[in-house]
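Coordinate inspection notes
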Amino acid sequence: DEFPYLQVIDLSFNQIGSTLGIEHPLLEQLNLNNNNISSADGFTANKLPSLTTLQMRSNCLTSTAGLENFKNLKHLFLANNSIQSLEGITTLENLEIRHLRGNQLTVFEDNFQAGKNTKLKYINFRSNSISEFSEINKLDILEALECINLMENPIVEENEYRVDVLVNVRKLNKLDKDIFEEDEIEMA
């Protein structure tokens, strides 16, 4: 049932298999970590108009499809799933933090576009399968991006990895939790 004044709910560590029926008009924070959810398609964004933080870590997601209509979402935590596609993610215009650690991303396709995700400051891609700098170059159009975490991806094994990332995404302040040193900035 709808709880009209509910603002925070933690449904983590259950056996939930679907997002169907989660409908609370004032809900701002939803924690669905450690469940058995395989798709976010059951969400109805107009039934969760106030949602700003969504946590769906350690589920069975393979895509971000179903999240595209959450216009007020600021923080999205999808670590430790099996996500291979960032489908629809460009529509999250207020998103500031995107946490995708421990997924199966290899390419970003066209999921980063000019004029989209203009408030996105931090992306965590740690423990994925990103191996090409051409993919990192796609992040340069994110106007507010300050920090990326790429640890435990094949790309970190490349010579001059930190400098090459900074060459591809000039506005970064931090990479893998470390602030860029002056000599790295000069080399870039």
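Residues numbered from 1 in each chain as written. Predicted model: local features only at pLDDT ≥ 70, side-chain atom pairs only at ≥ 80, totals over all residues. Heavy atoms only, no water.

Observations concerning the sheet that holds strand 7 (residues 147–149)
- Judged by pairing direction, the sheet is mixed, and its 9 strands sit side by side in the order 1-2-3-4-5-6-7-8-9 without closing on themselves. What marks the edges here is a single partner per strand, and that holds for strand 1 (8–10) and strand 9 (178–179).
- In the sheet, strand 4 (residues 75–77) pairs with strand 5 (residues 97–99) via 3 bridges, with the strands oriented parallel. Across the sheet, the residue bridging to Phe77 is His99, located in strand 5. (Pairing = 2+ DSSP bridges. Helix = DSSP H or I, 4+ residues; strand = E, 2+ residues; numbered from the N terminus.)

With respect to the environment of Lys116
- As for its placement among the helices and strands, Lys116 is situated in the loop between strand 5 and strand 6 (122–124).
- With a relative accessible area of 36%, Lys116 lands in the partly exposed category.
- Between the C-alpha atoms of Lys116 and Leu95, which are 21 residues apart in sequence, the distance is 9.9 Å.
- Not counting residues up to four positions away in its chain, the partners in contact with Lys116 are Thr90 and Leu142. (Buried < 20%, exposed > 50% of the residue type's maximum accessible area, 1.4 Å probe, protein only. Contact = heavy atoms within 4.5 Å.)

Some details on the pattern of salt bridges
- Applying the stated criterion to the full structure yields 4 salt bridges.
- The partner of Asp140 in a salt bridge is Lys171, with the nearest N and O atoms 3.1 Å apart. Taken together, the residues Asp140 in the loop between helix 1 (133–137) and strand 7 and Lys171 in the loop between helix 2 (161–168) and strand 8 (174–175) connect sequence positions 31 residues apart.
- On the basis of relative accessible area, Asp140 is assigned to the partly exposed category, the value being 30%.
- By relative accessible area, which is 27% here, Lys171 ends up partly exposed. (Salt bridge = Lys/Arg side-chain N within 4 Å of Asp/Glu carboxyl O.)

Quick word on the packing of aromatic side chains
- Applying the stated criterion across every chain, the model contains 3 aromatic pairs.
- Taking 5.4 Å as the distance between ring centres and 80° as the angle between the ring planes, the aromatic pair formed by Phe43 and Phe70 counts as edge-to-face. Of this pair, Phe43 sits in the loop between strand 2 (29–31) and strand 3 (53–55) while Phe70 sits in the loop between strand 3 and strand 4, placing them 27 residues apart in sequence.
- Residue class for Phe43 comes out buried when judged on its relative accessible area of 8%.
- The buried category is assigned to Phe70, whose relative accessible area is 3%. (Phe/Tyr/Trp six-rings, centres within 6.5 Å; stacked < 30°, edge-to-face > 60°.)

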